[in-house]
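Letter by letter, the chains look like this.
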Amino acid sequence: MENFSAPFKGRSLLSWKDWSPQEIETLLELSLHVKTQARNGETYQRFLGKTIALIFEKRSTRTRCAFETAFAEEGGHPVFLSLQDIQLGGKESVQDTARVLGRMFDAIEFRGFKQQHVETLASFSGIPVINGLTDEYHPTQALADIMTLKEQFGKLKGLHMCFCGDGRNNVARSLMLICAKVGIDFSVYAPRELFPDSTLQTLCKPFAVASGAKITVSDEKSVVKNADCLYTDVWVSMGEESLKAERTKLLAPYQVNEALMSATGKSSSIFMHCLPAVKGQEVTETVFESAQSVVFDEAENRKHTIKAILLSVL
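Described below are features of the structure shown in this document.

Cut-offs applied
- Residues numbered from 1 in each chain as written.
- Predicted model: local features only at pLDDT ≥ 70, side-chain atom pairs only at ≥ 80, totals over all residues.
- Heavy atoms only, no water.
- Pairing = 2+ DSSP bridges.
- Helix = DSSP H or I, 4+ residues; strand = E, 2+ residues; numbered from the N terminus.
- Axes fitted to C-alpha atoms, helices over the stretch in contact; angles between N-to-C directions.
- Polar contact = N/O pair within 3.5 Å; in protein donor to acceptor, adjacent residues only side chain to side chain.
- Contact = heavy atoms within 4.5 Å.
- Buried < 20%, exposed > 50% of the residue type's maximum accessible area, 1.4 Å probe, protein only.

Attention shifts here to the sheet that holds strand β3 (residues 107-111). The 4 strands lie next to each other as β2-β1-β3-β4, forming an open sheet whose pairing is parallel. The open sheet has two free edges, formed respectively by β2 (77-82) and β4 (129-133), since each of these has just one partner strand. The sheet shows a mean angle of 20° between the axes of neighbouring strands, direction not considered. The pairing of β3 with β4 spans 4 bridges and is parallel. Residue pairing in the sheet places Arg-111 in a bridge with Leu-133 of β4.

What follows is the structure, encoded as structure tokens:
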């Protein structure tokens, strides 16, 4: 596998919309493989002579560290570019930035606000572009999440994941999409005001039919019953800080606490969170620090899945 030809050479990952279940499975297998290599202390230089531009409009711990370490460990050179460093969409159009970077780099990672920006970078750069988070999607997070499920349960099909909280956010949206593709039952436990939009639900429906996944969106607590995993995220997303008081009041009943974990009816249920977490808000410290919590396995898996994605497209 060390001299394998990249199965998705030249492709971009903007969301999971246009990736088949089989392709997602291939990425998962590769993620588990590179994690085993890391655990065994094996080192390779599979990105030797390659460069990646890492564009960050938003701050990051896991995404930035995962991309930089995954790329550098393989002998490649990551170049971090914040909005203080480049002109993206300001003095220079996104199209022009894309065409310049495409002449100098082998790949681009973009973490920012607009999905349109990451799509424009992919259209005009001529090199693979990886979405490190936009307001609409967070595909690399979702891949790390289902990798963690696979490690915990040994399978994906037939599992039930329930997202509790703001059902419109990019993580919830990405999880709904990837679960629909790979056959994980996915439910959202959220107030009606924060249900995922109907466009996304319509998009996921045929994928769920094909995989046998069941998608449920509800404001009733009964939706967590039989969940193998309860997942949550912060109540106030980046850029929505002014809504903090209103969100906190609205989402307080959807906090993941011991009672909600018990409501799954399964002692084997696990807790997941994309981090950073505001303990005492979306999750209690008790649950976060419990044996059911796999948040740091999940965080580590961001690196292995990102390395696998990069290996597969470069």
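This is not the end of the story, as more comes after the structure.
Time to look at the side chain of Glu-74. Within the secondary structure layout, Glu-74 lies in the loop between α2 (62-73) and β2. Engagement of the side chain of Glu-74 in a polar contact is seen with the side chain of Lys-307, the distance being 3.4 Å. The residues touching Glu-74, leaving out its near neighbours within four places in the chain, are Tyr-44, Gln-45, Arg-46, Phe-47, Leu-48 and Lys-307.

This next bit is on the side chain of Ser-125. Of note, Ser-125 is situated in helix α4 (residues 115-125). The exposure class assigned to Ser-125 is buried, which follows from its relative accessible area of 8%. Within polar-contact distance, the side chain of Ser-125 engages the backbone oxygen of Leu-121 at 2.8 Å. Polar side-chain contacts of Ser-125 include one of 3.3 Å to the backbone oxygen of Ile-127. In this view, Ser-125 contacts Ala-98, Gly-102 and Ile-108; residues no more than four positions away in its chain are not counted.

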